[in-house]
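Below, each chain spelled out in residue letters.
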Amino acid sequence: EWAVVMEEPRSEGPEGSETPEGSEATELASWLYDPAAFIEAVDRPLWVWQKKVLKEAFRVKGDGSWLYNILVFTLPRGNGKSQLASWLGSWAFFCGEGVQDIISVALDSDGADVIFGYGKRLVTDRDYLYASVGKSGMRANEMIIGSVGSRWTVASSEHTNTRGRHPTVVTYDELGFAKDRMLFDSLLASQGPIANPLFIVTSTVGPKRTGPLWDLKKMAEGGVKSGVYYFEAHENLSPLITDEFLVRQRKILSPVRYAQEHLNQWAEDTDTLITVEQYEACEDAGWRPSYVPDPKYRYWCFVDIGLVRDATVMAVGHYEETMDVVALDVMESMVGTKTNPVKLSIVQERLEQLHSIYGFQEVVVE
């Protein structure tokens, strides 16, 4: 059996020609500098952190211009980045002053469908928003307010055409994973003639500390004068992400991949074993080798042999269960040359000496 669901016909004038009137138009205008109020009015109450961050980001100067023209929101996977991009695109489309030309960029076509889908739902659920767009103004990946001339286009990065357009607002989802920076640079340059533009980025941090997202992070460290607002969360702020889910992910993913996807931590490369943050947390400028073993620990030794070009390195360590850390007790190296390479007999002799001190459970040699 097949059920056909018919929409109730909407009463409206010429398609796409009406605009909100009276209190509705006044209400939209009142949200010009307050996207959080718009979102809560047309969709749902925001979480506390969302309201706080939006209030910090969308601040204005005395002359009515934005304090920050570039806004960056970086969050772990599953924390509503695409929805945030759609909310802000919708807000700019309906509440922005004058004619708005908005471009929303997604990483791929599926991401573009998600962003446009959120926006389309908001419009169709609110009669006074739908009245200003109408059926003729609702296209495959674009909305148009005919009476005003405002346009909102949502497309994947490979299908975004910026030539000839000077967007008042750009939203760029998952900038950290852009294949190159050409589109980012083009979009940013296209806003040159705009008096008070906004460039909004929503993304998880990228796999490498390079590229436009990393550049924006470094710019934001310059403070308000940089014109860049940067928010970076290192925990899951969405109540929809459960502890059980994260436990499974930690077991399945490599430490670097888990840190990037679910802790929003930068890494040098996805093939590395640990993140830069994890390595830096291990560093101790005052560390010295300890040759006094603790009888409550078991010790292991690891050796990487290099005879000429690479050094031979010996490391002795133990596991401290109460702190869930591996402690390094000894690290020694021997460096050889072409005329005087490292002698394996000397390596063996030193290993025997270290074994007499620590009583290794095992020696691993590479």
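Going by the structure above, here's the rest.
Because the structure is predicted, anything quoted here is derived from the model rather than measured.

K.L.:
Just to check I follow, could you spell out the pattern of salt bridges for this structure?
P.N.:
Pairing between side chains becomes possible if they bear opposite charge and their charged atoms approach one another. Counted under the stated rule, the structure contains 17 salt bridges. The partner of Glu261 in a salt bridge is Arg77, with the nearest N and O atoms 3.3 Å apart. Of this pair, Glu261 sits in helix 10 (residues 255-263) while Arg77 sits in the loop between strand 1 (70-74) and helix 4 (81-95), placing them 184 residues apart in sequence. Salt-bridge contacts for Asp101 lead to Arg151; the nearest nitrogen and oxygen are separated by 3.9 Å. Here the residue Asp101 occupies a position in strand 2 (residues 101-106), and Arg151 occupies one in strand 4 (residues 150-156), the gap between them amounting to 50 residues. In this structure Asp101 comes out as buried when scored by relative accessible area, which is 14%.

K.L.:
Help me understand helix 5 (residues 109-125), please; the structure alone is not making it clear to me.
P.N.:
Along an α-helix, a turn takes 3.6 residues, which lines up residues three or four apart on a common side. Relative to the 24 Å expected for 17 residues at 1.5 Å per residue, helix 5 spans 24 Å between its end C-alpha atoms, a close match to the ideal helical length. The opening residue of helix 5, the one whose side-chain oxygen lies 3.3 Å from the backbone nitrogen of Asp110, is Asp108.

K.L.:
So what exactly am I meant to see when it comes to the packing of helix 2 (residues 35-42) against helix 4 here?
P.N.:
Helix packing for two helices is described by the angle between their axes and how far apart those axes are. Helix 4 packs onto helix 2 with a crossing angle of 100° between their chain directions and a minimal axis gap of 10 Å. Classified by the angle between their axes, helix 2 and helix 4 sit roughly perpendicular to one another. Packed against helix 2, whose contacting residues are Pro35, Phe38 and Ile39, the element helix 4 presents Trp87, Leu88, Ser90, Trp91, Phe94 and Cys95 at the interface. When its residues are assigned to classes, the contact of helix 2 with helix 4 shows eight nonpolar, one polar and no charged.

K.L.:
When you look at the packing of aromatic side chains in this model, what are you seeing that I'm missing?
P.N.:
Geometrically, a pair of aromatic rings is defined through the distance of the ring centres and the angle of the planes. For the structure on display, the rule yields 14 aromatic pairs. Both rings, one in Trp214 and one in Trp266, keep their centres 4.9 Å apart while their planes meet at 75°; by these two values the pair is edge-to-face. Here Trp214 is found in helix 8 (residues 212-220), whereas its partner Trp266 is found in the loop between helix 10 and helix 11 (276-282), with 52 residues between them in sequence. Its relative accessible area of 15% is what places Trp214 among the buried residues. Ring geometry for Tyr299 versus Tyr358: centroids 5.0 Å apart, planes at 50°, classification tilted. With a gap of 59 residues between them, Tyr299 in strand 8 (residues 299-304) and Tyr358 in helix 12 (residues 344-358) connect regions that are remote in the sequence. The structure contains a cluster of three or more aromatic residues connected by ring pairs, namely Tyr33, Phe58, Trp66 and Trp91. The ring of Trp47 has Arg44 sitting right over it, with the charged end atom 4.8 Å from the ring centre.

What counts and what doesn't
- Residues numbered from 1 in each chain as written.
- Predicted model: local features only at pLDDT ≥ 70, side-chain atom pairs only at ≥ 80, totals over all residues.
- Heavy atoms only, no water.
- Salt bridge = Lys/Arg side-chain N within 4 Å of Asp/Glu carboxyl O.
- Helix = DSSP H or I, 4+ residues; strand = E, 2+ residues; numbered from the N terminus.
- Buried < 20%, exposed > 50% of the residue type's maximum accessible area, 1.4 Å probe, protein only.
- Expected span 1.5 Å × (residues − 1).
- Polar contact = N/O pair within 3.5 Å; in protein donor to acceptor, adjacent residues only side chain to side chain.
- Axes fitted to C-alpha atoms, helices over the stretch in contact; angles between N-to-C directions.
- Parallel < 35°, antiparallel > 145°, perpendicular 65-115°, else oblique.
- Contact = heavy atoms within 4.5 Å.
- Nonpolar A, V, L, I, M, F, W, Y, C, P; charged D, E, K, R; others polar.
- Phe/Tyr/Trp six-rings, centres within 6.5 Å; stacked < 30°, edge-to-face > 60°.
- Lys NZ or Arg CZ within 6 Å of the ring centre and 35° of its normal.

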